[in-house]
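Residues per chain, in single letters:
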Amino acid sequence: MDAAKKNFDEFTWQARVMPVIVAAIPLFLAAIAKGLSFSDWTETGLMAVIIVAALSLLYRIGRNLGKKCEARMVNRLGAMPTTILLRFSDSRIGAVSKQHYHQRLNEVYHLQLPLEPAAERPEDDEQYDAAARSLKNRANSDRNTEFRVYQELKEYHYFRNLYGIKPIAIAIYIALTVREMILIPNFSLKALFLTPLPDYLPLGIFLLAILLGCLVSAKGVEERAFSYAMALVESCERI
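Criteria and cut-off values
Residues numbered from 1 in each chain as written. Predicted model: local features only at pLDDT ≥ 70, side-chain atom pairs only at ≥ 80, totals over all residues. Heavy atoms only, no water. Axes fitted to C-alpha atoms, helices over the stretch in contact; angles between N-to-C directions. Helix = DSSP H or I, 4+ residues; strand = E, 2+ residues; numbered from the N terminus. Parallel < 35°, antiparallel > 145°, perpendicular 65-115°, else oblique. Left-handed = near helix turned anticlockwise from the far one by under 90°. Contact = heavy atoms within 4.5 Å. Nonpolar A, V, L, I, M, F, W, Y, C, P; charged D, E, K, R; others polar. Buried < 20%, exposed > 50% of the residue type's maximum accessible area, 1.4 Å probe, protein only. Disulfide = S-S within 2.5 Å.

A. Local environment of the packing of helix H7 (residues 147-183) against helix H9 (residues 201-214). Where H7 contacts H9, the axes come no closer than 9 Å and their chain directions differ by 155 degrees. In this view, H7 runs roughly antiparallel relative to H9, as classed from their interaxial angle. For the pair H7 and H9, the sense of crossing is left-handed. Here Lys 166, Ile 170, Tyr 173, Ile 174, Leu 176, Thr 177, Glu 180 and Met 181 of H7 lie close against H9, whose contacting residues are Pro 202, Leu 203, Phe 206, Leu 207, Ala 209, Ile 210, Gly 213 and Cys 214. Partitioned by chemical class, the residues of the contact of H7 with H9 number 12 nonpolar, two polar and two charged.

Pasting the structure below:
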């Protein structure tokens, strides 16, 4: 694992590689279970080929799928989370703090953000977008000072990309589940629950993976997006 990390910077490892590794964990576990339970590593070798193919596929398209998920989220919300938080019409940040943030952003970045709720207009979103870009550029250029922003950014991209590859990962789990059900002699749901070892262990791993995969939701992506946006807006205290 440490050797693999050397080929990627920290952000790429956390945001793009780790989601793929997490998605591949059930495949690793099932391959090991088959090898240990049946002392037949031929099947394990086949699983290894599937794992390598899955890792390559998911890594290459994971970021693009994650960005598509982000685009759908923004379309659903009507704006980026940072823009929403900067609006006076959103109550997640107090009006007094928001007024202070707007004033600082106007002073430092020469913007024209409204300083009171009554002055806010729909066209101010362009100013909010510009403020968000300025805050993001500052945070990215000074990750030591804005460490919390950086951590939230990595967490968001990790979960976003994990959600992006979720359909492909679950499709792989389902295909392998069906394969296991066909290969198991005299398959029985009763035996699956009462005597799962050793025949049903890989099948159980894939079923659990499907269940856990369903817990990775668009709502979770949105929550992490707003956590990152909140940390970014609160960095106004330090500009």
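B. Here's a closer look at unusual backbone geometry. The residue His 110 is not glycine, and still its phi comes out positive at about 55 degrees. Residue placement: His 110 occurs in the loop between helix H5 (95-109) and helix H6 (125-141). For Asn 186, which is not glycine, the phi torsion reads 50 degrees and is therefore positive. With respect to the helices and strands, the residue Asn 186 is situated in the loop between H7 and helix H8 (189-194). Under the relative-accessibility criterion, Asn 186 is labelled exposed at 71%.

C. Quick peek at the state of the cysteines. Tallied over the entire structure, the rule returns zero disulfides. In this structure Cys 214 is not part of a disulfide, and its nearest cysteine sulfur, from Cys 69, lies 15 Å away.

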